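Examination of the molecular architecture
Below, each chain spelled out in residue letters.
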Amino acid sequence: MTEAAARPTRFDNVIGGATRPATSGATLPSIDPSTGVDWAAIPRSGGPDVDLAVAAARTAFDTRWRSLRAAERGRHLRRLADAIDEHAGELAALETRDNGRIISETTTFDLPACSEMLRYFAGAADKISGDTVEVGPTSFNFTRREAIGVVGVIVPWNAPLSIACAKLGAALAAGNTVVLKPAEQASCSLLRLGQVAVEAGLPDGVINVVAGLGEEAGDALVTHPGVGRITFTGSTETAQVVAARAAGTLKPLHFELGGKSPNIVFADADLDLAAVGVSTMSVFTGNAGQTCIAGSRILIESSIFDDMVDRISKEAANVVLGAPMDPTTTMGPIVSAEQFDRVTGYIDLGPTEGAAMVCGGGRGAGLFAPGSPLAGGYYVEPTLFTSSRPDLRVCQEEIFGPVTVAIPFRDEADAVRIANGTRYGLAAGVWTRDLARAHRLIRDLQVGSVWVNTYRRIHWALPFGGTKASGFGRDSGWESILENTQLKTAWIDLP
Ligand code: NAD
């Protein structure tokens, strides 16, 4: 906190190893969501800044990065991981200040994950290989996995550092250079990460960070002819715009998008474990429900419905809403006024379409003592609805806040039908002691990740991504490295 507070509250782009403001000089305010106060200025970059960043990334690719020995690329990634560890306190505090993610999460989960995942990718850098293919006796045929060139990385505001590090690690290990566009609501930790990379000795231009609005800097990156691939995490609606705008240059796209992920609780489950798993672990604490994998639907077997709803409300009552920098806080604010309006809009919508509010619903200044600085923050209470109508909007649409809805089901087939009955397909949790049932659900759920008797467990070695409107392609794991390469086929005649 002190380290971060001592830094100037102005952050600049990092392009070609140098920090620089937007060429226009324009800035955007960064708002502290715990108080509603403008605390930092970030560049409002546009096309000219993206042009400079892409040129720097291309130069670094052509003159340095692509011709480095793979093991040397790995060593650079390890040095970056070490530098992140050295600056972990500062980076965690910046991210918490900027997006309201609680300090206990940024320090114990995000920052250690960032450096560990970079070490995973560092180890992978010299293990990328093609195949030899037996076609016939008169030719030698093989494939090469080659770097694409400049990769455009676009990330959302909810977990900037860890999402960016997964994408950077895979892209750089595969031999690409990167232009990173953070979300305008939370850019500071990534602008600082760009400087840390330079200080760690990463060659100039290998990581460039350009902040600005999505429709300006983001669009310039998506449409840039010098960018060979876009990896994007954000909303389904923005992805549709990105896909249309990228069509002109036919770039490969990777989309990690929204979700309406179900937690499915069977009567034979360990209900104490499940009550924590489907509430605090899934949707109430972790980033105030602002995670793509938030368990925003809880499907409960009818025979235990009332009991589980009661248990979940008790868990909600134990949530400590407060300042994200306070280590005793278990749930912080919503990221912005706009997102606050969206979340509270859904809370108000639920009862009008027939959902019953069991607990929560409170928001804003009324949650704190008069005069508290937090009264200006974007706080929302953990909120639980019940409904037997899976077609309601609160059961179908991504709310992206600490709001969930409990829905009863009759039997396994009914649970699978309801679980698969949204446009999304990101993740699901299954709570049961029946191993055969767990396997059947893993098979039948149309999602990218299934957790059994746990939830929200992500690891850099495990591919992560969605199906349906939750996207395509994968972050993390070996697949994410392969997706950052292009395949070349060679045929040598052997006359
Ligand atoms: P968003 O789609 O509004 O913005 C994401 C990023 O896209 C930001 O950097 C933004 O500036 C940029 N952007 C916006 N318009 C653009 C355009 N026209 N061209 C290029 N870039 C543009 O999403 P958000 O509100 O920042 O984040 C919330 C969403 O992200 C939720 O839907 C959530 O589910 C999703 N998300 C998904 C994952 C995942 O891994 N699946 C993880 C975190 C968040």
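Here goes a summary of the coordinates provided. Source: prediction; values computed, not measured.

Quick look at the site of the ligand now. Inspection of the region around the ligand gives 29 residues, with Val155, Lys181, Glu184, Leu257 and Glu398 positioned closest. Residue glycine 234 places a main-chain N or O atom 3.3 Å away from an oxygen atom belonging to the ligand. Contacts to the ligand include threonine 238, whose side-chain N or O atom sits 2.7 Å from an oxygen atom. Here the ligand, which alone exposes 840 Å², has 89% of that area covered by the protein. Put simply, the parts of the chain that give the shell around the ligand at least two residues each are helix H8 (214-223), strand S10 (229-233) and helix H9 (236-246). Of the residues contributing to the shell around the ligand, the split by class is 16 nonpolar, 8 polar and 5 charged.

By secondary structure assignment, the location of valine 179 is in strand S8 (residues 177-181). Through-space distance from the C-alpha of valine 179 to that of arginine 58 is 9.8 Å; in sequence the pair is 121 residues apart.

Moving on to the sheet that holds strand S22 (residues 485-493). Spatially, S5-S6-S22 is the arrangement adopted by the 3 strands of the open sheet, whose pairing is antiparallel. What marks the edges here is a single partner per strand, and that holds for strand S5 (132-133) and S22. Pairing of S5 with strand S6 (residues 139-147), which is carried by 2 bridges, proceeds in the antiparallel orientation. Residue pairing in the sheet places valine 133 in a bridge with asparagine 141 of S6.

The next point concerns a nonpolar patch on the surface. On the surface, Val133, Val135 and Trp491 cluster together into a nonpolar patch covering about 310 Å² of accessible area. Positionally, valine 133 belongs in strand S5. Overall, the relative accessible area of 42% leaves valine 133 in the partly exposed class.

Turning to the environment of valine 320, a few remarks are in order. Residue position: valine 320 is located in the loop between helix H12 (305-317) and helix H13 (337-352). Sequence separation between valine 320 and glutamate 381 is 61 residues; the distance between their C-alpha atoms is 9.6 Å. When sequence neighbours within four positions are dropped, the list of residues in contact with valine 320 reads Thr328, Thr329, Thr330 and Met331.

This next bit is on the pairing of S8. The side chains of a regular strand alternate between both faces of the sheet. Buried residues dominate S8, accounting for 5 of its 5 residues. In terms of strand pairing, strand S7 (residues 150-154) meets S8 through 5 bridges, oriented parallel. In the strand pairing of S8, glycine 152 is matched with valine 179. Considered for its hand, the β-α-β crossover made up of S7, helix H6 (residues 160-173) and S8 is right-handed. Considered for its hand, the β-α-β crossover made up of S8, helix H7 (residues 188-199) and strand S9 (residues 207-209) is right-handed.

Scanning the entire structure with this criterion turns up 10 aromatic pairs. On the basis of an interplanar angle of 85° and a centroid distance of 5.7 Å, the ring pair of phenylalanine 232 and phenylalanine 255 is categorised as edge-to-face. Here the residue phenylalanine 232 occupies a position in strand S10, and phenylalanine 255 occupies one in strand S11 (residues 253-256), the gap between them amounting to 23 residues. For the pair phenylalanine 232 and phenylalanine 255, a shared accessibility class is recorded, and that class is buried. Taken together through their ring pairs, the aromatic side chains of Phe232, Phe255 and Phe472 make up a single cluster. Its end group placed over the ring of phenylalanine 266, arginine 437 keeps NZ or CZ at 4.0 Å from the ring centre.

Conventions we followed
- Residues numbered from 1 in each chain as written.
- Predicted model: local features only at pLDDT ≥ 70, side-chain atom pairs only at ≥ 80, totals over all residues.
- Heavy atoms only, no water.
- Near = heavy atom within 4 Å.
- Polar contact = N/O pair within 3.5 Å; in protein donor to acceptor, adjacent residues only side chain to side chain.
- Areas by Shrake-Rupley, 256 points an atom, 1.4 Å probe, with all protein chains shown as cover.
- Helix = DSSP H or I, 4+ residues; strand = E, 2+ residues; numbered from the N terminus.
- Nonpolar A, V, L, I, M, F, W, Y, C, P; charged D, E, K, R; others polar.
- Pairing = 2+ DSSP bridges.
- Patch = residues over 30% accessible without salt bridge, like charges linked within 9 Å, V, L, I, M, F, W, Y side chains within 5 Å.
- Salt bridge = Lys/Arg side-chain N within 4 Å of Asp/Glu carboxyl O.
- Buried < 20%, exposed > 50% of the residue type's maximum accessible area, 1.4 Å probe, protein only.
- Contact = heavy atoms within 4.5 Å.
- Right-handed = clockwise from strand over helix to strand, strands pointing away.
- Phe/Tyr/Trp six-rings, centres within 6.5 Å; stacked < 30°, edge-to-face > 60°.
- Lys NZ or Arg CZ within 6 Å of the ring centre and 35° of its normal.

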